[in-house]
Amino acid sequence: MIFGACYYPEHWDKTEWKHHARLMHEAGLNTIRTGDFAWGVMEPEEGKFDFSFLDEAIEIFAKEGIKTILCTPTAGPPKWLVNKYDILQRDRYGNKENWGARREGCANSREYRKRSVLIAEEMAKHFADNPNIIAWQIDNEFGCHDSTRCYCENCRKAFSKWLEKKYVTIENLNKLWGTVFWSLQYSSFDDIILPVYNSCEPENSQSWSHNPSLDLEYRRFSSDSWVEYQKLQIDAIKKYTNKPVTHNFMGHFSDIDYYDLAKDLDFVAWDNYPDNQWGDSEYEYVSMAHENMRGVKNKNFIVAEQESGPCGWDTMGSTPEPGQLRLWTYQALAHGGEGMIYFRFKALPYGMEQYWYGILDHDGIPRRRYYEIQKTGNELKRLEPYILGAKNKYDALIVKTYDNLWAHQIKHHAKDFDYRNMLYSYYKANADLNINTAVSVGNYDNYKVVYMPAYNIVHTDEIEKITEYVKNGGTLVITFRSGTRDVYNNLFTSTLPCAFYELAGIEVEEFTALRKPAHITGEIKSEVNIWCDILKPMTAQVLCTYTDRYFKDRAAITVNSYGKGKVYYIGCDLETTAMKNLIRYISKKAGIEMIEEPHGIEIVQRDNCTVIMNHNDFAVQTSICGKSLINGENFNGELDAYGVEFIVN
Ligand code: GAL
């Protein structure tokens, strides 16, 4: 099993490499991930390649039993490249991005593409037969620092071609986008604009002021551009080697369609920083990110960068407490991780990331974090058979598509409504009841309950599939705004909930964004703060009604029997406790077994074992007992602060 650290030989004096390799070996680490951002060393002048530092370092680490995952360095174009070629992105105001950090290249720049493919190909040629390289990574974190969408002329031209291929005639596009509104008709594909800053938008606002079809298509196009850019590098590498190729994804990041990005890769890798300068994440949020990463290919993944120390750019997050590094490691593995690489091996005294600590501090002396990782590595040797190839048993699915994320970013619907938070609230309630929940698209039949909260853009084939699923006995949960938009990001004109009308068995007679709270009563009680759909049941039964104002006693939550299955319609937002009550109610009816433990206890059911984790900083007595796979002894259910157990099923 891959168990390693990110290590950049070019950051250290050569004389230290052996010592670092030894320390890694002693910690039980067996892999380094390297090369990302080393373009300036690999190609110091145009066309002059020098990989000797890597040859030497890879060899030194191999002598300590440590293999290499080699990354292409294209997220950090060197100065000579930007001096000679105009590869830099343009922002929404038409400004050229400045060189001096990273990720400033435009995916549609001919020269950036060409130079990227060239270095990838030179690397592949050079390292193809190196037995110590076990896998390749393309680039680093596509889209980070808001770099997915560029607004340069290259992008505009490429976008116009992309649209022409899709819409064929400009008349067709005009009709489907409704450009007649505000006289925004195009006479030819050459006229196409990008959704840049315009007259309706206050500077630096987050509001989107363009035709919603244009905006959505530009997001799709920009995502496709990176998928294509990545593919060029994959092809260059695969010409010379058939070692597996990956890219490091960013969990909940939503600007690139990760299903598309993953298609050309052999496996998914991702970077997990639960607690850093930008805030700390609830454990359910991290678990959802892992599920999302497993869900993009419906396949186990590796963690390419795992937080291993206090970290931040200008200020630091807190230091992982004793037990947390081990716990985060097991949380990843429980949700489908098959490899773990910590970022970074040793903190660097210079550069932007001086404060991004790793396993070792700046003085390089092994201390608590190093020994915790060493201990985890030793345990993993025993646990490996329960991790490699293991599958989780899922009861529920949260359907997540990037079209929906983008459509909700473009039209927020209501103040304080945030689609990502909404998806998370459904995941969190399931996780708090210890229901294994996948985050993905695809085969609904594998799940007892399928959630499509505020799932506004629906493709016709999805409706057909979900209807079959419900007919055959499945449970579907939809909410306000589900089923309301077509694939061009226009609203349907049929009666709400439009695409789900027949399945839901209700009509949304009226709706309102809330200026003051409302309440619901019935099977679930809650304050409602963001949105009310006022429902008229057709064939559905009422589970909850409102208690306020002109919609008092009107239906808020309903359930409809359809074929052998059921469709719940949730017409409003819910408080956290009410959400949990709702999920408990639905899951019980759907025959899902729940395990209720104190908050912070996470239980993941795998095909071959059960993993129990305590995310609290105090010990907790749980109801789970059994034989520990970590030490072979009897586990009586008590977990230490940040404790973990793997038990035999
Ligand atoms: C990741 C990135 C790494 C490093 C780390 C700390 O997003 O892939 O290269 O920069 O963050 O900032």
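Okay, so let's go over this structure. (Residues numbered from 1 in each chain as written. Predicted model: local features only at pLDDT ≥ 70, side-chain atom pairs only at ≥ 80, totals over all residues. Heavy atoms only, no water.)

Take the site of the ligand next. Around the ligand, the structure places F37, R102, N140, E141, N248, D271, Y273, E305, W313, F343, E353 and W356. In the model, an oxygen atom of the ligand is placed 2.9 Å from a nitrogen or oxygen of the R102 side chain. At 2.3 Å from an oxygen atom of the ligand is found a side-chain nitrogen or oxygen belonging to E353. Contact with the protein chains hides 92% of the accessible area of the ligand, taken as 300 Å² for the molecule alone. (Near = heavy atom within 4 Å. Polar contact = N/O pair within 3.5 Å; in protein donor to acceptor, adjacent residues only side chain to side chain. Areas by Shrake-Rupley, 256 points an atom, 1.4 Å probe, with all protein chains shown as cover.)

Below, the discussion takes up the side chain of R326. Its location among the elements puts R326 in helix α11 (residues 324–334). A residue is classified by how much of its surface remains accessible, and R326, at 11% relative accessible area, is buried. The residues touching R326, leaving out its near neighbours within four places in the chain, are E372, K375, T376, E379, I630, Y642, G643 and V644. (Helix = DSSP H or I, 4+ residues; strand = E, 2+ residues; numbered from the N terminus. Buried < 20%, exposed > 50% of the residue type's maximum accessible area, 1.4 Å probe, protein only. Contact = heavy atoms within 4.5 Å.)

Cis rather than trans, the peptide bond between F343 and R344 has omega equal to -15 degrees. Along the chain, R344 turns up in the loop between β11 (337–343) and α12 (368–383). Of note in this structure, N434 is not a glycine but carries a positive phi near 55 degrees. Along the polypeptide, N434 turns up in the loop between α14 (419–432) and β13 (437–440). What makes N434 buried here is its relative accessible area of 5%. Positive phi, close to 45 degrees, is recorded for A454, a residue that is not glycine.

Turning our eyes to something else, we now look at α11. Counting buried positions over the eleven residues of α11 gives eleven, a clear majority of the element. Along α11, the residues that are buried comprise Q324, L325, R326, L327, W328, T329, Y330, Q331, A332, L333 and A334. Taken from the residues just after α11, G336 is the one with a positive phi, measuring 115 degrees.

The end-to-end C-alpha distance of helix α3 (residues 52–63) is 17 Å, a good match for the 16 Å that twelve residues give at a rise of 1.5 Å each. Among all positions in α3, only F53, L54, A57, I58, I60 and F61 are buried. Taken end-on, α3 shows its buried residues confined to a sector of 165 degrees, consistent with a single buried face. Buried-residue contacts for α3 involve α1 (14–26), β2 (31–34), α2 (39–42), β3 (67–71), α5 (110–127) and β4 (133–137). Where α3 terminates, the next one or two residues include G65, which has phi positive at roughly 80 degrees. (Expected span 1.5 Å × (residues − 1). Arc of directions from axis to C-beta.)

The next point concerns the packing of aromatic side chains. Under the counting rule described, the total for this entry stands at 40 aromatic pairs. When the centroid spacing of 5.6 Å and the interplanar angle of 40 degrees are considered together, the rings of Y151 and Y218 count as tilted. Of this pair, Y151 sits in the loop between β4 and α6 (153–167) while Y218 is found in helix α8 (residues 212–238), placing the two residues 67 residues apart along the sequence. Neither residue differs from the other here; Y151 and Y218 are each classed as buried. The structure contains a cluster of three or more aromatic residues connected by ring pairs, namely Y8, Y273, W278, W313, F343 and W356. Over the ring of W226 we find R103; its NZ or CZ atom is 5.1 Å from the centre of that ring. When the ring centre of Y444 is taken as reference, the NZ or CZ atom of K465 above it lies at 4.8 Å. (Phe/Tyr/Trp six-rings, centres within 6.5 Å; stacked < 30°, edge-to-face > 60°. Lys NZ or Arg CZ within 6 Å of the ring centre and 35° of its normal.)

Next up on the list: a nonpolar patch on the surface. A contiguous nonpolar surface patch, about 470 Å² in accessible area, is contributed by V180, F181, W182 and L184. Relative to the assigned elements, W182 resides in the loop between α7 (170–177) and α8. The exposure class of W182 is exposed, given its relative accessible area of 57%. (Patch = residues over 30% accessible without salt bridge, like charges linked within 9 Å, V, L, I, M, F, W, Y side chains within 5 Å. Salt bridge = Lys/Arg side-chain N within 4 Å of Asp/Glu carboxyl O.)

A few words now on the pattern of salt bridges. Tallied over the full model, the rule gives 40 salt bridges. Across the pair R149 and D255 runs a salt bridge whose closest N-O atoms are separated by 3.9 Å. Separated by 106 residues along the polypeptide, R149 in the loop between β4 and α6 and D255 in the loop between β6 (248–249) and α9 (258–263) bring together distant segments of the chain. Look at the salt bridges and you will find they share partners, linking E43, E46, K84 and R115 into a network.

Moving on, we get to the environment of Y186. Tracing the backbone through its elements, the reader meets Y186 in the loop between α7 and α8. Overall, Y186 belongs to the buried group, its relative accessible area being 11%. Distance from Y186 to G323, taken between C-alpha atoms, is 60 Å for residues 137 residues apart in sequence. With residues up to four places along the chain from it excluded, the contact list for Y186 reads I170, L173, N174, W177, T179, D191, I192, I193 and L214.

This next bit is on the sheet that holds strand β23 (residues 601–605). Within the open sheet, the three strands sit side by side as β23-β24-β29. Their pairing is antiparallel. Unpaired on one side and paired on the other, β23 and β29 (644–648) mark the two borders of the sheet. Direction aside, neighbouring strands of the sheet carry axes that sit 15 degrees apart on average. Summarising the sheet, β23 and strand β24 (residues 609–614) pair through five bridges and their orientation is antiparallel. For V604, the partnering residue across the bridge sits in β24 and is V611. (Pairing = 2+ DSSP bridges. Axes fitted to C-alpha atoms, helices over the stretch in contact; angles between N-to-C directions.)

Let us now look at the sheet that holds β2. Working definition: the strands of a sheet are paired by backbone hydrogen bonds and lie parallel or antiparallel to each other. Read from one edge of the open sheet, nine strands run β5-β4-β3-β2-β1-β11-β10-β7-β6, paired in parallel fashion. With partners counted over all chains shown, the strands left at the sheet margins are β5 (245–246) and β6, one partner each. As judged from the three bridges shared by strand β1 (residues 2–6) and β2, these two strands associate in the parallel manner. The residue bridging A5 from the neighbouring strand is I32, located in β2. Across the face of the sheet, α5 comes into contact with β3 and β4 while running at roughly 175 degrees to β4.

Moving on: the packing of helix α10 (residues 283–295) against α14. In a pair of packed helices, the angle between the axes and the distance between the axes together describe the arrangement. One can describe the packing of α10 onto α14 by two numbers: an axis separation of 9 Å at closest approach and a directional angle of 105 degrees. On the basis of the axis angle, α10 is roughly perpendicular to α14. Within the contact between the two elements, α10 uses Y283, E284, Y285, S287, M288 and E291 and α14 uses L423, Y424, Y427, K428, A431 and D432. Across the contact of α10 with α14, the residue classes tally to seven nonpolar, one polar and four charged. (Parallel < 35°, antiparallel > 145°, perpendicular 65-115°, else oblique. Nonpolar A, V, L, I, M, F, W, Y, C, P; charged D, E, K, R; others polar.)

These results come straight from atomic positions and should not be treated as a statement about function.
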